[in-house]
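For reference, the chains in residue letters:
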Amino acid sequence: MKVILNVDVKSLGEEGDVKNVANGYARNFLLPRNLAVPYNEATVLMFEARKAEIEARKEQKRKDSASLKEKLEGTTVEIVMPAGANGKLFGAVSANVISEALAKLGFEIERKRIDIPGSAIKSVGNYKAVIKLYEAQTAEVHVVVKAQEVEETKAAKPAKNSKPKAEKPAEKPAEAAESAPAETTEEAAN
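Below is a summary of the structure that appears in this document.

Quick notes on the rules
- Residues numbered from 1 in each chain as written.
- Predicted model: local features only at pLDDT ≥ 70, side-chain atom pairs only at ≥ 80, totals over all residues.
- Heavy atoms only, no water.
- Pairing = 2+ DSSP bridges.
- Helix = DSSP H or I, 4+ residues; strand = E, 2+ residues; numbered from the N terminus.
- Phe/Tyr/Trp six-rings, centres within 6.5 Å; stacked < 30°, edge-to-face > 60°.
- Lys NZ or Arg CZ within 6 Å of the ring centre and 35° of its normal.
- Contact = heavy atoms within 4.5 Å.
- Axes fitted to C-alpha atoms, helices over the stretch in contact; angles between N-to-C directions.
- Salt bridge = Lys/Arg side-chain N within 4 Å of Asp/Glu carboxyl O.
- Buried < 20%, exposed > 50% of the residue type's maximum accessible area, 1.4 Å probe, protein only.
- Polar contact = N/O pair within 3.5 Å; in protein donor to acceptor, adjacent residues only side chain to side chain.
- Arc of directions from axis to C-beta.

We now examine the pairing of strand E8 (residues 125-132). The sheet contact formed by strand E6 (residues 114-115) and E8 spans 2 bridges and is antiparallel. Residue Ile-114 lies in a different strand from E8, and its bridge partner there is Ile-131. The sheet contact formed by E8 and strand E9 (residues 138-148) spans 8 bridges and is antiparallel. Bridging from a neighbouring strand, Tyr-127 pairs with Val-143 of E9.

If you want it as structure tokens, here you go:
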């Protein structure tokens, strides 16, 4: 089925694009959500009238992504994680971790748009992550992974089994002995 997109749809196209999609996808997803309209003479005329407006929005998105690219490429993201003596991380730096670090710096980037070589960073060092922007534009962000300084003071930690046991079990037999004679006297009275 041929449709014209009303809005940008991820992995399909942008507003105003004419796409050929499966009938079920159009009927069950695109049309009910008003993401697309069927391709016919009336809708083509409607989109021809809106063409200048759509192109203006696309141009604004291109400008925004170009300025974002400049800001991102001048940014270095520092991530501190616990690591072993050989520099291997306890865990990994994923796209989600980089997205959170960028959010702290003021950039709202979805984790799905961040591409890390090898899918995750597993050791201390300097890396580059690629961020997909609008259309084919990408930005490279410098990621510095540092080892977290961990002080190991085993002597300061108490041993798990060093707690003294409570003396309540010793008190229970005494309480039981005291209550037992009271019960026998009551039984004797009956």
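So much for the structure itself; the text now carries on.
Moving on: the packing of aromatic side chains. With the rule as written, the count across this model stands at 1 aromatic pair. Directly above the ring of Tyr-39 sits Lys-2, whose terminal nitrogen or CZ lies 4.6 Å from the centroid.

This part takes up the sheet that holds strand E4 (residues 76-82). The mixed open sheet is built from 4 strands, whose spatial order is E4-E9-E8-E6. Of all the strands in the sheet, the pair left with one neighbour each is E4 and E6. Against the sheet, helix H3 (residues 51-73) contacts E8 and E9, and its axis sits at roughly 30° relative to E9. Together, E4, E6, E8 and E9 form the strand contacts of helix H4 (residues 95-104), whose direction differs from that of E4 by roughly 120°.

Moving on: the pattern of salt bridges. Summed over the entire model, instances satisfying the criterion amount to 10 salt bridges. Its salt-bridge partner being Lys-128, residue Glu-140 comes within 3.6 Å of it at the nearest N-O pair. Residue Glu-140 is found in strand E9, and its partner Lys-128 is found in strand E8; the two are separated by 12 residues along the sequence. Note on Lys-128: relative accessible area 42%, which makes it partly exposed. Linked through salt bridges whose partners overlap, the residues forming this network are Glu-15, Arg-50, Glu-53 and Arg-57.

You can see Asn-6 is positioned in the loop between strand E1 (2-5) and strand E2 (18-20). A distance of 3.1 Å separates a polar atom in the side chain of Asn-6 from a polar atom in the side chain of Asn-34. Apart from the residues within four sequence positions on either side, Asn-6 is in contact with Glu-15, Asn-34, Leu-35, Ala-36, Val-37, Phe-47 and Arg-50.

Attention now goes to H4. Taken together, the buried positions of H4 are Ala-95, Ile-98, Ser-99, Ala-101 and Leu-102. Here the buried residues of H4 occupy an arc of 165° about the axis, which is enough to place them on one side. Looking at the buried side of H4, the elements it contacts are H3, E4, strand E5 (88-93), E6, E8 and E9. Positive phi shows up at Gly-106, right after H4, with a value of about 100°.

For Gln-137, the position within the fold is in the loop between E8 and E9. It is 8.1 Å that separates the C-alpha atoms of Gln-137 and Lys-69, two residues lying 68 residues apart in sequence. The residues contacting Gln-137, other than those within four sequence positions of it, are Arg-62, Ser-65, Ala-66, Ile-131 and Lys-132.

Another point: unusual backbone geometry. With the exception of glycine, most residues fall at negative phi, and the peptide bonds are largely trans. With a phi angle near 65°, Ser-11 is a residue other than glycine that sits in the positive phi range. Of the residues examined, Ser-11 reaches a relative accessible area of 83% and is grouped as exposed. You will see that Ser-119, though not glycine, has its phi angle at about 70°, which is positive.

The values are spatial; any link to function lies outside them.
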